[in-house]
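# Report on the structure
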Amino acid sequence: MKTLHLIRHAKSSWKDENLADIDRPLAPRGIRACAAMAPEIAKSGCDFSNVFTSPAARARETIERISGHLKGFSFTWTVAEKLYTFNARDLLAFCRDDLPANIDQAVIVGHNPAFHDFCSQMGDTSLEKLPTCAYARLELDADAWGFIGPARLRLTEFLTPKMFR
């Protein structure tokens, strides 16, 4: 069994229009969402042993803030350039080709529409919306990441910040 834990980055700020997209930080709403979601993601059974994040400032800040709100958890993450994508095919290629074969669970922090499309195409449930700072757990009944394909993943958990306001 392989398990993917997807965390969409929290709400980003558009305050500084001169910043490149990759450099945009979190907005105050995104910061609050990280605080609300961190314990809920942990309670749901998310395994933070293997965390991979997009290099975008908003994605890195999301996992930093989630980590900071989890007392008793200590984890690090790997910045993966390939996760700065908005395309589900790129996310699928990362999962199949770049996730280490010897790990059974991976947390990926990244972007829409890649996450929404990936969940809808590879999962057994089509999501209407994958809002910022949402968490989705997808399970694959196989022993290798390479077996991820259309409708092969089972959505076993879905959490959004709105659920915890």
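Relevant structure appears above.
What this report covers is the structure whose coordinates are included nearby. (Residues numbered from 1 in each chain as written. Predicted model: local features only at pLDDT ≥ 70, side-chain atom pairs only at ≥ 80, totals over all residues. Heavy atoms only, no water.)

## Considerations on the side chain of Ser44
- Inspection of the secondary structure assignment puts Ser44 in the loop between α1 (28-43) and β2 (51-53).
- Within the local environment of Ser44, its side chain forms a polar contact with the backbone oxygen of Ile41, the two atoms lying 2.7 Å apart.
- Beyond its immediate sequence surroundings of up to four residues, Ser44 is in contact with Tyr135, Arg137, Glu157 and Leu159. (Helix = DSSP H or I, 4+ residues; strand = E, 2+ residues; numbered from the N terminus. Polar contact = N/O pair within 3.5 Å; in protein donor to acceptor, adjacent residues only side chain to side chain. Contact = heavy atoms within 4.5 Å.)

## A short note on the pairing of strand β5 (residues 135-140)
- Most of β5 is tucked away: six of the six residues are buried.
- Side chains Tyr135, Arg137 and Glu139 of β5 all project onto a buried face; the interleaved residues Ala136, Leu138 and Leu140 project onto the opposite face, where all are buried too.
- Strand direction decides the pairing type here: strand β1 (residues 2-8) and β5, joined by six bridges, are antiparallel. If you follow Lys2 over to β5, its bridge partner there is Leu140.
- Two elements, β5 and strand β6 (residues 153-159), share six bridges in a ladder whose sense is antiparallel. Pairing of Leu140 across the sheet is with Leu153, part of β6. (Buried < 20%, exposed > 50% of the residue type's maximum accessible area, 1.4 Å probe, protein only. Pairing = 2+ DSSP bridges.)

## Things to note about the packing of α1 against helix α2 (residues 57-68)
- With their axes 8 Å apart at the nearest point, α1 and α2 run at an angle of 55° to one another. Put simply, α1 runs oblique to α2. Between α1 and α2 lies a crossing of right-handed hand. Residues Ile31, Cys34, Ala38 and Ile41 of α1 lie in contact with α2, whose contacting residues are Glu61, Thr62, Arg65 and Ile66.
- Residues belonging to the contact of α1 with α2 are distributed by class as follows: five nonpolar, one polar and two charged. (Axes fitted to C-alpha atoms, helices over the stretch in contact; angles between N-to-C directions. Parallel < 35°, antiparallel > 145°, perpendicular 65-115°, else oblique. Left-handed = near helix turned anticlockwise from the far one by under 90°. Nonpolar A, V, L, I, M, F, W, Y, C, P; charged D, E, K, R; others polar.)

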